[in-house]
Amino acid sequence: MEKKIINWDQYFMALTKLSALRSKDPNTQVGACIINNRKRVIGLGYNGMPSGNDLDFPWDREAESPKETKYAYVVHAEINAILNSITSLENATLYTSLFPCSNCAKTIVQSGIKEIVYFQDIYHDTEDAWIARKIFKDSFVKTRKLEEIKITLEL
């Protein structure tokens, strides 16, 4: 039987998907992996609450007040990967399971990351996604969608 060897894109996207499994978000689990130009992992992250405190903050998408929803508190996977990075991010590549929002886009650009590889773009038609794409384009950050990959991990 021939062994299947995955390529670098598949490998790093698999790490993003594995990282996403750490998220306690009941709706959207997102992971991120940052690599340098030598193909070494220099940062990993997933969407979660500040300091990993998942008990004292809400995970609801809708409520009477914004302070009762997750949006006011959650730290996105891309930001967590940047904050968890172990070295300079200059000219790095960020792999993410979901196309970044505009807030993450600003932080990504400021960090020096020069390429985004994403798996899904479910918010493509929103104004926020348009803003994120403009930020990347005008800041010369390359983006590319990774076509579907099928990797089975037994945990």
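Everything below is about the structure shown above.
Keep in mind that this is a model prediction, so the values were computed, not measured.

The rules behind these values
Residues numbered from 1 in each chain as written. Predicted model: local features only at pLDDT ≥ 70, side-chain atom pairs only at ≥ 80, totals over all residues. Heavy atoms only, no water. Helix = DSSP H or I, 4+ residues; strand = E, 2+ residues; numbered from the N terminus. Polar contact = N/O pair within 3.5 Å; in protein donor to acceptor, adjacent residues only side chain to side chain. Contact = heavy atoms within 4.5 Å. Expected span 1.5 Å × (residues − 1). Buried < 20%, exposed > 50% of the residue type's maximum accessible area, 1.4 Å probe, protein only. Pairing = 2+ DSSP bridges. Axes fitted to C-alpha atoms, helices over the stretch in contact; angles between N-to-C directions. Core = buried A, V, L, I, M, F, W, Y, C linked by side-chain atoms within 4.5 Å. Phe/Tyr/Trp six-rings, centres within 6.5 Å; stacked < 30°, edge-to-face > 60°. Lys NZ or Arg CZ within 6 Å of the ring centre and 35° of its normal.

Remarks on the side chain of Asp54
Within the element layout of this structure, Asp54 appears in the loop between β2 (41-46) and α2 (77-83). One polar contact links Asp54 to Lys24, side chain to side chain, over a distance of 3.2 Å. The residues touching Asp54, leaving out its near neighbours within four places in the chain, are Lys24, Gly48, Met49 and Trp59.

Some points on unusual backbone geometry
Here the phi dihedral of Asn91 falls at roughly 65 degrees; this positive angle occurs in a residue that is not glycine. By the secondary structure assignment, Asn91 is in the loop between α2 and β3 (93-98). The phi torsion at Phe140 lies on the positive side, around 60 degrees, for a residue other than glycine. Mapped onto the fold, Phe140 is located in the loop between α4 (127-138) and β5 (142-145).

Regarding helix α1 (residues 8-20)
Three- or four-residue spacings in an α-helix give side chains the same orientation, since the helix completes a turn every 3.6 residues. Taking 1.5 Å of rise per residue, 13 residues should cover 18 Å, and α1 covers 18 Å from first to last C-alpha, within 8% of that figure. All buried positions along α1 are accounted for by Asp9, Gln10, Phe12, Met13, Ala14, Thr16, Ser19 and Ala20. Those residues of α1 hidden inside the fold are in contact with β1 (31-35), β2, β3, β4 (115-120) and β5. Near the N-terminus of α1, the side chain that reaches the backbone nitrogen of Asp9, with its oxygen 3.1 Å away, is that of Asn7.

Describing the environment of Lys67
Relative to the helices and strands, Lys67 resides in the loop between β2 and α2. For Lys67 and Tyr118, which are 51 residues apart along the polypeptide, the C-alpha to C-alpha distance reads 30 Å. Beyond its immediate sequence surroundings of up to four residues, Lys67 is in contact with Pro58 and Tyr73.

Focus on the sheet that holds β5
Spatial ordering of the open sheet is given by β2-β1-β3-β4-β5, a layout of 5 strands whose pairing is mixed. Only two strands of the sheet have a single neighbouring strand rather than two, namely β2 and β5. Adjacent strand axes in the sheet meet at a mean angle of 15 degrees when their direction is disregarded.

Quick word on the nonpolar core
In terms of nonpolar packing, the biggest core is built from 26 residues, with Ile34, Leu89, Ile108, Ile113, Ile116 and Phe136 touching the most fellow members. When contributions to this core are tallied by element, the ones reaching two or more residues are β1, α2, β3, α3 (102-111), β4 and α4. If we ignore the near neighbours within four places in the chain, the residues touching Ile113 are Ile34, Ile82, Leu89, Ala92, Thr93, Leu94, Ile108 and Val141. Residues Met13, Cys33, Val117 and Phe119 belong to the second largest nonpolar core, which totals 8 residues.

A few points about the packing of aromatic side chains
The final tally for this structure, using the stated rule, is 7 aromatic pairs. The interplanar angle of 80 degrees and the centroid separation of 6.0 Å between the aromatic rings of Trp8 and Tyr11 together place this pair among those described as edge-to-face. Of the two residues, Trp8 and Tyr11 are both situated in helix α1; the distance of 3 residues between them amounts to about one turn of the helix. The class of Tyr11 is partly exposed, set by a relative accessible area of 38%. One aromatic cluster is present, formed by Trp8, Tyr11, Phe12 and Tyr95 through successive ring pairs. The lysine or arginine in question, Lys17, covers the ring of Phe119, its NZ or CZ lying 3.5 Å from the ring centre. Across the ring face of Phe119, the terminal group of Lys145 is positioned such that the distance to the ring centre comes to 5.8 Å.

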